[in-house]
Amino acid sequence: MDSVTQAALGAVVGEAVAGRRIGNRALLLGAVAGTLPDLDLLASFFVGDVERFTGHRALTHSLVAAPFAAWLLAAFCARFLPRAGLARRQWLHLLLWCFVTHIVVDLCTVYGTQILYPLSDHPFALSSLFIIDPFYTLPLLAAIAWMLMVRRAPGTRRRATRAALALSTAYLVAGLALKVHAGQVFADALAARGVEHRGIKTMNMPFNIVLWRALAVTDDGHWQGWYSVLSPGAPPVLEKTPAHPERASLDALAADSPGLARLIDFSHGYYFYEERDDGVDWIDLRMGTGGVYSFRFRVAEREGEREGGGLLPASPVRRRPIQRPPLSTVWTELQSRLLAR
């Protein structure tokens, strides 16, 4: 999730754990603790493009490592931050709960969170919450604002904390339930067309949990679908994109390219290849819309004329999106798809 959301969630969790003892300082400490797991982004300055993409949300987002990290940091904070007013055990509770809630919320997004690292580097993703969703964040921010205004009313602060956590959690649960529903709708629609696929990936569209997008990879390409739970009687819109004619040869390059192999594994198989200039780009289908995808990597070069020469493996290099249309254009395109039934 975005840093504002993680800070707001951490602040409310900090209030729930230590607010009665240290007041508004709990909001500040919780906000800081809630964003600490994302410090792994600093490592991106020292690693390559593939490692930067697939290494985020690893050690610092692991439910295995979180208790150890919280225990070490609690000892450090109790010793060097005595003015905070928390004993070591209280520090441990605050840090652990902030870390765990951060990880759980990130797990709900589509990016992939390595919650079992270092036991496994498999990126888990529930794909039921967009990385920025104001409907999830606003109750948390409203509770923080209210607590800052009524700092001498502990009973009111507790009610605001519980209400914010209840609303945000209910939103997560609702997102999961709607995802399951949308996934079944897409599965039924593909089955009605006789499409044989390798699995369906369902994820919500930006900023909400009522508009859903689905991916289904087949032997000869991939299908994309769009569906609104506000129109339950209307079938989803489905579109097919043919596979790159040399997909098998491009996939075979992964045997000699650890970078490409890691990209394929990280995407759970939801990717495609696109011919661009004098080479071929690998694109993660899960993150993007309107034909513009957030993560593309040059993985092969052409030997000779464009689309005429053989494929030469290249160390994957991140390429920026070819174009980034305005958000209004994306929403207009989505609306036209959903209404063209």
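On a predicted model such as this, the values are computed, not experimentally measured, just so you know. (Residues numbered from 1 in each chain as written. Predicted model: local features only at pLDDT ≥ 70, side-chain atom pairs only at ≥ 80, totals over all residues. Heavy atoms only, no water.)

(A) View of the state of the cysteines. Scanning the entire structure with this criterion turns up zero disulfides. A disulfide-free cysteine, Cys 108 has its sulfur positioned 17 Å from the sulfur of Cys 98, the nearest such atom. (Disulfide = S-S within 2.5 Å.)

(B) Examining the packing of helix 1 (residues 3-22) against helix 2 (residues 25-35) more closely. At a minimum axis separation of 6 Å, helix 1 and helix 2 run at an interaxial angle of 140°. Taken together, the axes of helix 1 and helix 2 lie oblique to each other. Viewed along their axes, helix 1 and helix 2 form a crossing whose handedness is right-handed. Two secondary-structure elements touch here, helix 1 through Ser 3, Gln 6, Ala 7, Gly 10, Ala 11, Gly 14, Glu 15, Ala 18, Gly 19 and Ile 22 and helix 2 through Arg 25, Ala 26, Leu 27, Leu 29, Gly 30, Ala 31, Gly 34 and Thr 35. Across the contact of helix 1 with helix 2, the residue classes tally to eight nonpolar, eight polar and two charged. (Axes fitted to C-alpha atoms, helices over the stretch in contact; angles between N-to-C directions. Helix = DSSP H or I, 4+ residues; strand = E, 2+ residues; numbered from the N terminus. Parallel < 35°, antiparallel > 145°, perpendicular 65-115°, else oblique. Left-handed = near helix turned anticlockwise from the far one by under 90°. Contact = heavy atoms within 4.5 Å. Nonpolar A, V, L, I, M, F, W, Y, C, P; charged D, E, K, R; others polar.)

(C) Focus on unusual backbone geometry. Look at the link from Tyr 117 to Pro 118: it is a cis peptide, with omega at 5°. Note that Pro 118 resides in the loop between helix 5 (88-107) and helix 6 (134-149). With phi around 70°, Phe 207 is a residue other than glycine that occupies positive phi space. On the accessibility criterion, Phe 207 (26% relative accessible area) is partly exposed. (Buried < 20%, exposed > 50% of the residue type's maximum accessible area, 1.4 Å probe, protein only.)

(D) Representation of the sheet that holds strand 3 (residues 221-228) within the structure. As summarised here, the arrangement of the four strands in space is 1-2-3-4, forming an open sheet in which the pairing is antiparallel. Strands at the two margins of the open sheet, each flanked by one partner only, are strand 1 (200-204) and strand 4 (237-242). In this sheet, adjacent strand axes meet at a mean angle of 20° when their direction is disregarded. Pairing of strand 2 (residues 211-218) with strand 3, which is carried by eight bridges, proceeds in the antiparallel orientation. Along strand 3, the bridge assignment pairs Leu 215 with Gln 224. Set on the sheet, helix 7 (residues 154-192) makes contact with strand 1, strand 2, strand 3 and strand 4; between it and strand 2 the angle comes to about 45°. (Pairing = 2+ DSSP bridges.)

(E) Examining the environment of Leu 148 more closely. Note that Leu 148 resides in helix 6. Expressed as a C-alpha distance, the spacing of Leu 148 and Ser 44, which sit 104 residues apart in the sequence, is 36 Å. Not counting residues up to four positions away in its chain, the partners in contact with Leu 148 are Asn 24 and Leu 27.

(F) Representation of the pattern of salt bridges within the structure. Evaluation of the coordinates by the stated rule reveals 16 salt bridges. Asp 220 is the partner of Lys 240 in a salt bridge, and the nearest nitrogen-oxygen pair spans 2.7 Å. Of this pair, Lys 240 sits in strand 4 while Asp 220 sits in the loop between strand 2 and strand 3; the two residues are 20 residues apart in sequence, bridging distant segments of the chain. Where Arg 302 meets Glu 246, a salt bridge forms, and the shortest distance between an N and an O atom there is 2.4 Å. Residue Arg 302 is found in strand 9 (residues 296-303), and its partner Glu 246 is found in the loop between strand 4 and helix 8 (247-252); the two are separated by 56 residues along the sequence. For Arg 302, a relative accessible area of 8% corresponds to the buried category. Salt bridges here are not isolated pairs; linked through shared partners, they connect Glu 274, Arg 276, Asp 281, Arg 296, Arg 298, Glu 301 and Arg 319. (Salt bridge = Lys/Arg side-chain N within 4 Å of Asp/Glu carboxyl O.)

Distances and angles like these do not, on their own, reveal function.
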